[in-house]
Amino acid sequence: MVAWNGPNRRRMLFSLRAMLCVALLFLLYRYFPAEGFQKELFRLRLAPLLLAALGYLAIQLAASLRFSLALGAMGFRVPLARVIHLHFVSLFFNMLLPGGIGGDAAKGYYLRASSDHWGKGILAALLDRYLGLVSLTALALASGIMLHTPGLRGAAPLPWILGFLVLTSSAPYALRAGWLRGILRRGLGRFAWASGATGAADEGIRAARRPRLLALGAILTLSYYMGSSVVHLLLGKAFGAELEYWPTFHLLIVVALVSSLPLLPGAHGQREAAYVVMFTAYGLSRSQSFLLAALALGMLLLGAVVGGFLYLTLRASREDGLTIQRPTLVS
């Protein structure tokens, strides 16, 4: 009988997730409209597709700026060009490694030599992920209400979105941060090697409760998804689908929320199924929904390719770190 210990449990859970991923991809394959998809594919127009690709690369600036905020909150001072470099490298690892945290691990790895504790880079990446998830939760609540309340579908969505952003951004102040810090100190204080980790974790908890950081993180997350909606409008225009802006925005938020759930490795199949279900319900044909999901995956692969190119230039450099000039810790 196999013992249900830590390593075996992790292997079995990963195997279960991998099987679910394969099953979902097989289900999508069974319902894949090959003939209609081929017709839509041959109707693609190059100009909107190229504009969508440029737009996708441009909105990565918002994500890079949010990561720069997280770095500053954790005591790093990194030039924006190098933050963008690191962000694209993380996109490469997100697609290359199983699971959705490969990019966070890469960020922590390359920042390990630039701080007084190796865990600060990882905490900065997690703080950036936290800012994104808090804002995504707010956007999902607003989008869910706007989609499922017929009387509000014609209402201006921005007041609702901003209201939920304020609500969820204020949620961390209800947490007992002192109690959480006490648990970390008691749990890690007994280990000599972890003495620096408690201070780094304490700094991360305090950073997550800064109003300016939360507000700017919410604004940048909102900007990212608003820009992503424009990219999807261009993708739709590439194969002749006239999408509306705010409905597309709401549907993308739901897709992003489903994709962020830690169910399948890399959300492969999970993300595409969400696209097909949501945009078919919106009114696109099944072949158009599959094509939109494929083009959105193509945008992710584009970011990964750019990140892979930057990673190769990183590997070719003589410096032992992410950039030619390492970032310095704020004194």
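None of the values given here were measured: they were computed from a predicted structure. (Residues numbered from 1 in each chain as written. Predicted model: local features only at pLDDT ≥ 70, side-chain atom pairs only at ≥ 80, totals over all residues. Heavy atoms only, no water.)

Engineer: Looking at this model, I keep getting lost on the overall build of the chain. Mind explaining?
Structural biologist: Counting secondary structure elements, the chain contains 13 helices and two strands. Every one of the 331 residues in the chain was classed for burial, and the buried ones make up 46%. Per element, the accessible surface of the chain, about 17,400 Å² overall, is 69% carbon and sulfur. (Helix = DSSP H or I, 4+ residues; strand = E, 2+ residues; numbered from the N terminus. Buried < 20%, exposed > 50% of the residue type's maximum accessible area, 1.4 Å probe, protein only. Areas by Shrake-Rupley, 256 points an atom, 1.4 Å probe, with all protein chains shown as cover.)

Engineer: Sorry if this is basic, but what is going on with the nonpolar core here?
Structural biologist: Nonpolar side chains in soluble globular proteins generally cluster together in the buried interior. By size, the foremost hydrophobic cluster in this structure holds 55 residues, and its most contacted members are Leu71, Leu127, Leu213, Leu235, Tyr275, Phe279 and Leu292. Taken together, the elements giving at least two residues each to this core come down to α3 (46-73), α4 (80-96), α5 (102-110), α6 (119-148), α10 (211-238), α11 (245-260), α12 (270-282) and α13 (286-316). Leu213 has contacts with Leu69, Ala70, Ala73, Leu127, Leu131 and Ala207, leaving out every residue within four places of it along the chain. Membership of the second largest hydrophobic core comes to 14 residues, among which are Ala138, Ala142, Ala218 and Ile253. (Core = buried A, V, L, I, M, F, W, Y, C linked by side-chain atoms within 4.5 Å. Contact = heavy atoms within 4.5 Å.)

Engineer: Which parts of the structure should I look at to understand the side chain of Arg66?
Structural biologist: Following the sequence through the fold, Arg66 ends up in helix α3. With a relative accessible area of 15%, Arg66 lands in the buried category. With sequence-adjacent residues up to four places away left out, Arg66 is seen in contact with Asp128, Leu131, Gly132, Gly217, Leu220 and Thr221.

Engineer: Can you help me understand the confidence of the model for the chain in this one?
Structural biologist: Detailed reading of the predicted coordinates is not advisable wherever pLDDT is low. Summarising the model, the chain shows a mean pLDDT of 76, and 67% of its residues fall at 70 or more. Within the chain, the element-level pLDDT minimum falls on strand β2 (residues 328-329), averaging 40, and the maximum on α3, averaging 94. Of the regions scoring below 50 in pLDDT, residues 318-331 engages in 28 contacts with residues more than four places distant in sequence or in other chains. (pLDDT = per-residue confidence, 0-100.)

Engineer: How should I be thinking about the environment of Tyr56 in this particular structure?
Structural biologist: Here Tyr56 is to be found in helix α3. C-alpha of Tyr56 to C-alpha of Met299: the two residues are 243 residues apart in sequence and 6.8 Å apart in space. Setting aside chain neighbours within four positions, we find Tyr56 in contact with Leu91, Tyr224, Val231, Met299, Leu300 and Gly303.

Engineer: Would you mind showing me how to read a nonpolar patch on the surface here?
Structural biologist: A cluster of nonpolar side chains, contributed by Leu61, Leu65 and Leu80, occupies part of the molecular surface with about 210 Å² of accessible area. Mapped onto the elements, Leu80 comes out in helix α4. (Patch = residues over 30% accessible without salt bridge, like charges linked within 9 Å, V, L, I, M, F, W, Y side chains within 5 Å. Salt bridge = Lys/Arg side-chain N within 4 Å of Asp/Glu carboxyl O.)

Engineer: Would you mind going over the pattern of salt bridges with me for this structure?
Structural biologist: Proximity of charged atoms lets side chains of opposite charge pair with each other. Across all of its chains, the model carries five salt bridges by this definition. A salt bridge links Glu40 to Arg43, with the shortest nitrogen-to-oxygen separation between them at 3.3 Å. With a shortest N-O distance of 3.5 Å, Lys107 and Asp128 are connected by a salt bridge. In this pair, Lys107 is assigned in helix α5 and Asp128 in helix α6, connecting sequence segments 21 residues apart. For the pair Lys107 and Asp128, a shared accessibility class is recorded, and that class is buried.

Engineer: How do you make sense of the packing of α3 against α10 when you look at a structure like this?
Structural biologist: Two quantities define a packed helix pair, namely the angle between the axes and the distance from one axis to the other. Between α3 and α10, whose axes approach to 8 Å, the crossing angle comes to 170 degrees. Looking at the two axes, α3 sits roughly antiparallel to α10. (Axes fitted to C-alpha atoms, helices over the stretch in contact; angles between N-to-C directions. Parallel < 35°, antiparallel > 145°, perpendicular 65-115°, else oblique.)

Engineer: What is the right way to read the environment of Met95 from this model?
Structural biologist: The residue Met95 is located in helix α4 in this model. Given the relative accessible area of 23%, Met95 is considered partly exposed. In the structure, Met95 is positioned 210 residues away from Val305 in sequence and 9.5 Å away in space, judged by C-alpha atoms. Apart from the residues within four sequence positions on either side, Met95 is in contact with His268, Leu297, Leu300, Leu301 and Ala304.

Engineer: When you look at the packing of aromatic side chains in this model, what are you seeing that I'm missing?
Structural biologist: Working definition: an aromatic ring pair is given by the centre-to-centre distance plus the angle between the planes. The tally for this structure, following the rule as stated, stands at eight aromatic pairs. Here Phe92 and Tyr311 contribute two aromatic rings whose centre-to-centre distance is 5.5 Å and whose plane-to-plane angle is 25 degrees, an arrangement assigned as stacked. One end of the pair, Phe92, is in helix α4; the other, Tyr311, is in helix α13, and 219 residues separate them in sequence. Between Phe279 and Tyr282, the aromatic rings sit 6.4 Å apart at their centres with planes inclined by 75 degrees, giving edge-to-face as the arrangement. Pair noted here: Phe279 and Tyr282 are both in helix α12, with a separation of three residues, about one helical turn. On the accessibility criterion, Phe279 (0% relative accessible area) is buried. (Phe/Tyr/Trp six-rings, centres within 6.5 Å; stacked < 30°, edge-to-face > 60°.)

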